[in-house]
Amino acid sequence: MRNLAPILALALCSCVRNPATGKLQLDFLSESQEIEVGKQAKQEAEQTYGVYKGKPELSSYVESTGKQLAAKSERPGLPWSYEIVDDASVNAFALPGGPIFITRGILAHLNSEAEMAAVLGHETGHVAARHSANQMSKAQIAQVGLGLGSVLSPTVASAAQIAGAGLQVLFLKYSRDDETQADELGFRYMTKGGWDPTQMVSLFEMLDRVSKQEGGVGKTPEWLQTHPDPGNRLAETQKRLKTELKGSTQGMKVERDKYLQMIDGIVFGEDPRQGFFKGDTFYHPQMKFQWKLPSGWAHQNTAQAVAAASPKQDAILQLQAAGKLSPEEAAQKILSQQGIQAGQPVNVKGAKVARTFVAQSDQGTVEGVMAFVPFEGNTYMLIGYTKQGGLSSYGNTFMESMTSFGPLSDSSALQVKPATLKVVKIDQPMSVSDFNARYPSSIKLEQVALINGVDVNGKIPAGYAKQVVGGTGGSGGGK
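Residues numbered from 1 in each chain as written. Predicted model: local features only at pLDDT ≥ 70, side-chain atom pairs only at ≥ 80, totals over all residues. Heavy atoms only, no water.

Colleague: Run through the nonpolar core, naming residues and quoting values.
Modeller: The biggest cluster of nonpolar side chains holds 69 residues, and the ones touching the most others in it are Leu58, Val62, Ile102, Leu107, Leu110 and Met116. Per-element tally for this core: the top contributor is helix 5 (residues 113–128), with eight residues. Contacts of Val62, omitting those with residues within four sequence positions, involve Tyr82, Ile84, Ile102, Leu107, Met116 and Leu120. Phe277, Ala371, Tyr380 and Leu382 belong to the second largest nonpolar core, which has 25 residues in total. (Core = buried A, V, L, I, M, F, W, Y, C linked by side-chain atoms within 4.5 Å. Buried < 20%, exposed > 50% of the residue type's maximum accessible area, 1.4 Å probe, protein only. Helix = DSSP H or I, 4+ residues; strand = E, 2+ residues; numbered from the N terminus. Contact = heavy atoms within 4.5 Å.)

Quick look at the structure:
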């Protein structure tokens, strides 16, 4: 058995007092290291998910609100930042050392500045309490205890610059205690900042409805992938309001009208201008190309890459921009990396460089084809790979798909537009069905109710209300 004394000694020496709770917790990362990890992860999150730039005034509003909350935290001196992720999902996340991201998807579902403050306050609480640093420290002690090395074999994915080590902090799961603590801290910060904490109730009611709607179609709701059940958190919030709230909330900030006017015109749902699938063909109107994927393959579009997986999950096809490098330079950069061995040249129409390769990955040896195609002043890398011995089965499929990459000329695809949120004013409360009859939306009635913060059989209060208009072409494309 391994001698655990040095490990236990290291752990004991690495306990520090949590700035938000005053309790001792395991932390291997100094504050400067925490900030540095956060900076790297922030850059990679921005590249992977994309930052929403459609409404600069909304971005400033989010940042201003977030920094007011950070000023009420136990760590006001951190390099805090608050940005909107150009993503349709209902979510938000925090990175070590200060970066906070909130999706445009959740902004479209919120109905007041106070609800937004509750979301941003919760994420601020994660950073203030060093939850990410603590989880990373636990991962390190686990690795020490198991004697795991830190050197990983290079993979095709890392060669294609998918997500670096910094982005791995996004996948650190907070414990239920961490989430409860972040709720408590968010409650504290928004109350100190003058926002009405009772608005946390309507926030969690909305998240509960989102979870039920998304879960009803057989997928795990985005919020539940990183947060506990909102129904349970709603009960805890109601209990907290009874035991911790001192005095009346009268006069505290809600700012419903101000908030709704601020999100007027925000893109709603997936933005087809950033790429969409129609059947097995991927269209990118902004970059003016199309690419046909093999029939029956599952596919996904992200800010960094378009990828598809075979029905047996034993082969991957991927398309990614290589920037302003020439095809020859891009190929040299990839094929010169350790663990990748270039094979024979192959014929892929339109490619300046195309050849087979073998690479070492965490899952073992993989083999495939990569092609580098110049288009509209950029170079694109198409790569297909499978487990060792599988290229004889998939090689022709890879090259046939790669050959289909080319210019997009379909005018209807080039002119697609996203749906947007439109804020209208109503003089009296209206049922959801009456509201939708007068102000029709391009989404389902249940979603109209959801984004307005009411049950489908409930009434939308007088004042500003939301409808969703427009949206042409594209389907299920992701970003």
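Okay, back to it.
Colleague: Let's hear about the packing of helix 5 against helix 8 (residues 176–192): which residues, and what values?
Modeller: Two elements in contact, helix 5 and helix 8, have axes separated by 7 Å at closest approach and are oriented at 125 degrees. Our classification of the angle between helix 5 and helix 8 gives oblique. Judged by the sense of rotation from one axis to the other, the crossing of helix 5 with helix 8 is right-handed. Only Asp178, Glu179, Ala182, Asp183, Leu185, Gly186, Tyr189 and Met190 of helix 8 make contact with helix 5, whose side of the interface consists of Ala114, Ala117, Ala118, Gly121, His122, Thr124, Gly125, His126 and Ala128. Residues that form the contact of helix 5 with helix 8 fall into these classes: eight nonpolar, six polar and three charged. (Axes fitted to C-alpha atoms, helices over the stretch in contact; angles between N-to-C directions. Parallel < 35°, antiparallel > 145°, perpendicular 65-115°, else oblique. Left-handed = near helix turned anticlockwise from the far one by under 90°. Nonpolar A, V, L, I, M, F, W, Y, C, P; charged D, E, K, R; others polar.)

Colleague: An account of helix 8 is requested, with residue identities and associated values reported.
Modeller: Between its first and last C-alpha atoms helix 8 spans 24 Å; for 17 residues at 1.5 Å apiece the expected length is 24 Å, and the two agree. All buried positions along helix 8 are accounted for by Asp178, Glu179, Gln181, Ala182, Asp183, Leu185, Gly186, Phe187, Tyr189 and Met190. In the segment just after helix 8, Gly194 is the residue with positive phi, at about 95 degrees. (Expected span 1.5 Å × (residues − 1).)

Colleague: Residues and numbers for the sheet that holds strand 5 (residues 99–103), please.
Modeller: One open sheet accounts for three strands, arranged 3-5-4; its pairing is mixed. If you trace the sheet from one side to the other, it starts and ends with strand 3 (81–85) and strand 4 (92–94), each paired once. In this sheet, neighbouring strand axes are inclined to one another by 15 degrees on average, regardless of whether the strands run parallel or antiparallel. Pairing geometry for strand 4 and strand 5, over three bridges, is antiparallel. Each bridged residue has a counterpart across the sheet, and for Ala94 the counterpart in strand 5 is Ile100. Lying on the sheet, helix 2 (residues 31–49) is in contact with strand 3, strand 4 and strand 5; it crosses strand 5 at an angle near 20 degrees. Lying over the sheet, helix 3 (residues 56–71) contacts strand 3 and strand 5, oriented at roughly 140 degrees with respect to strand 3. (Pairing = 2+ DSSP bridges.)

Colleague: I'd like to hear about the packing of helix 3 against helix 5, residue by residue, with values.
Modeller: Two numbers describe how helix 3 lies on helix 5: the axes approach to 9 Å, and their chain directions differ by 55 degrees. Classified by the angle between their axes, helix 3 and helix 5 sit oblique to one another. For the pair helix 3 and helix 5, the sense of crossing is right-handed. In this structure, helix 3 uses Tyr61, Val62, Thr65, Gly66, Leu69 and Ala70 to contact helix 5, whose residues at the interface are Glu113, Met116, Ala117, Leu120, Gly121 and Thr124. For the contact of helix 3 with helix 5, a count of residues per class yields seven nonpolar, four polar and one charged.

Colleague: Which residues make up the environment of Thr420, and what are the values?
Modeller: The residue Thr420 is located in strand 18 (residues 417–426) in this model. According to the relative accessible area criterion, Thr420 is partly exposed, its value standing at 24%. Along the sequence, Thr420 and Asp271 sit 149 residues apart, while their C-alpha atoms lie 9.6 Å from each other.

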